[in-house]
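Summary of structural features
The primary structure of each chain is shown beneath.
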Amino acid sequence: MYTTEDHGIELLKTLQDALSGELQAAANYQAYARNADLEGHHVPAALFRSVAYAENVHARNHVEAIRGLGEIPQPEPVRPPVVESTHANLSSSIAGEELERDSGYPRRITVASGAHESQSLRSLILAAMAEAGHAQMFSDALGSLHHNSPAEARFFVCPTCGNVTDTNEIRFCTVCHGDAANLLGMS
Ligand SMILES: [Fe+2]
Ligand SMILES: [Fe+2]
Ligand SMILES: [Zn+2]
């Protein structure tokens, strides 16, 4: 029989796994950002930095969800990032974000729904929606990688949900509907 306790254990495992994934992604993107700057690709560099910040927002939300269950966050140790060319780093980042959007987060959301745990559910749903935006932003950056690239770029990160946009001329975050005045400009 599937008990409430099983749901709780599975939910905790799910959140720990999501937390590990977010911390690894943040570390990878920071490393990709440094490499992109060295290659003279300043737009992808700023985007990688912004999305790294966003993944840390997801990690913080998952930490709070784990603490909300009365448990201790125990992420896996972060592995050293494997850095390739900016083109390859963007490609693998798109694949990673799409995987999270299409299978990682939907699976976790099903677990949190089954456990009827609203804080976890919110943390996971916001992350899933933000990952869809990250995939799109990385795709756009890959598409314009070899066009005349400006020396500087500015992106905006929602500190509530980790949504990343290229404009702050909006009133509300398109993912969490928080006040867009809180968006954090990053370059
Ligand atoms: Fe994330
Ligand atoms: Fe992401
Ligand atoms: Zn938001």
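Before reading on, note that the structure itself is shown above.
Everything numeric in this text was worked out from a predicted model, so none of it was measured. Sequence order as written defines residue numbering, which begins from 1 separately in each chain. A letter from A marks each chain and a number from 1 marks each ligand, given out in the order of writing. It should be noted that, the model being predicted, local features are given only for residues of pLDDT at least 70 and side-chain atom pairs only at 80 or more, the latter also being counted only at that level, while totals for whole chains, interfaces and linings use all residues.

A separate point is the environment of Ser 50. Under the DSSP-based scheme used, a helix requires at least four consecutive residues in state H or I and a strand at least two consecutive residues in state E, with every element numbered from the N terminus. Mapped onto the elements of the fold, Ser 50 is located in helix 2 (residues 42-68). Residue burial here comes from a neighbour count, namely the number of other C-beta atoms, placed from the backbone, that lie within 10 Å of the residue's own C-beta, with 20 or more meaning buried, 12 or fewer meaning exposed, and in between meaning partly exposed. By C-beta crowding, Ser 50 is classed as buried, having 26 other C-beta atoms within 10 Å. In this structure the C-alpha to C-alpha distance between Ser 50 and Tyr 29, which are 21 residues apart in sequence, comes to 8.8 Å. Contact partners of Ser 50, with chain neighbours within four places excluded, come to Phe 155, Val 157, Val 164 and Met 186. Whether two residues are in contact is decided by their C-beta atoms, placed from the backbone, lying within 7 Å.

For helix 3 (residues 86-115), built from 30 residues, the straight-helix expectation of 44 Å at 1.5 Å per residue is met to within 8% by its first-to-last C-alpha distance of 40 Å. Taking the largest bend as the criterion, helix 3 deviates by roughly 45°, centred on Glu 100. Once helix 3 finishes, His 116 follows within two positions and takes phi at roughly 50°, a positive value. To estimate the expected span of a helix, subtract one from its residue number and multiply by 1.5 Å. Bend at a residue means the angle formed by two fitted axes: the first through the 7 residues ending at that position, the second through the 7 residues beginning there.

Each pair of packed helices can be summarised by the angle the axes make with each other and by the distance between the axes. Angular values range over 0 to 180 degrees, each being the angle between N-to-C directions of two axes fitted as lines to C-alpha atoms, with helices fitted over their stretch in contact. Two numbers describe how helix 3 lies on helix 4 (residues 118-143): the axes approach to 8 Å, and their chain directions differ by 165°. Comparing the axis directions of helix 3 and helix 4 gives the class roughly antiparallel. Of the two possible hands of crossing, helix 3 and helix 4 adopt the one that is left-handed. Any residue that is not Ala, Val, Leu, Ile, Met, Phe, Trp, Tyr, Cys, Pro, Asp, Glu, Lys or Arg is counted as polar, Gly included; the first ten are nonpolar and the last four charged. Class assignment of the residues belonging to the contact of helix 3 with helix 4 gives a composition of 16 nonpolar, 6 polar and 6 charged. Angles are sorted into four bins: roughly parallel if under 35 degrees, roughly antiparallel if over 145, roughly perpendicular if 65 to 115, and oblique for all others. Note on convention: near helix rotated counterclockwise from far helix by under a right angle means a left-handed crossing. Clockwise means right-handed.

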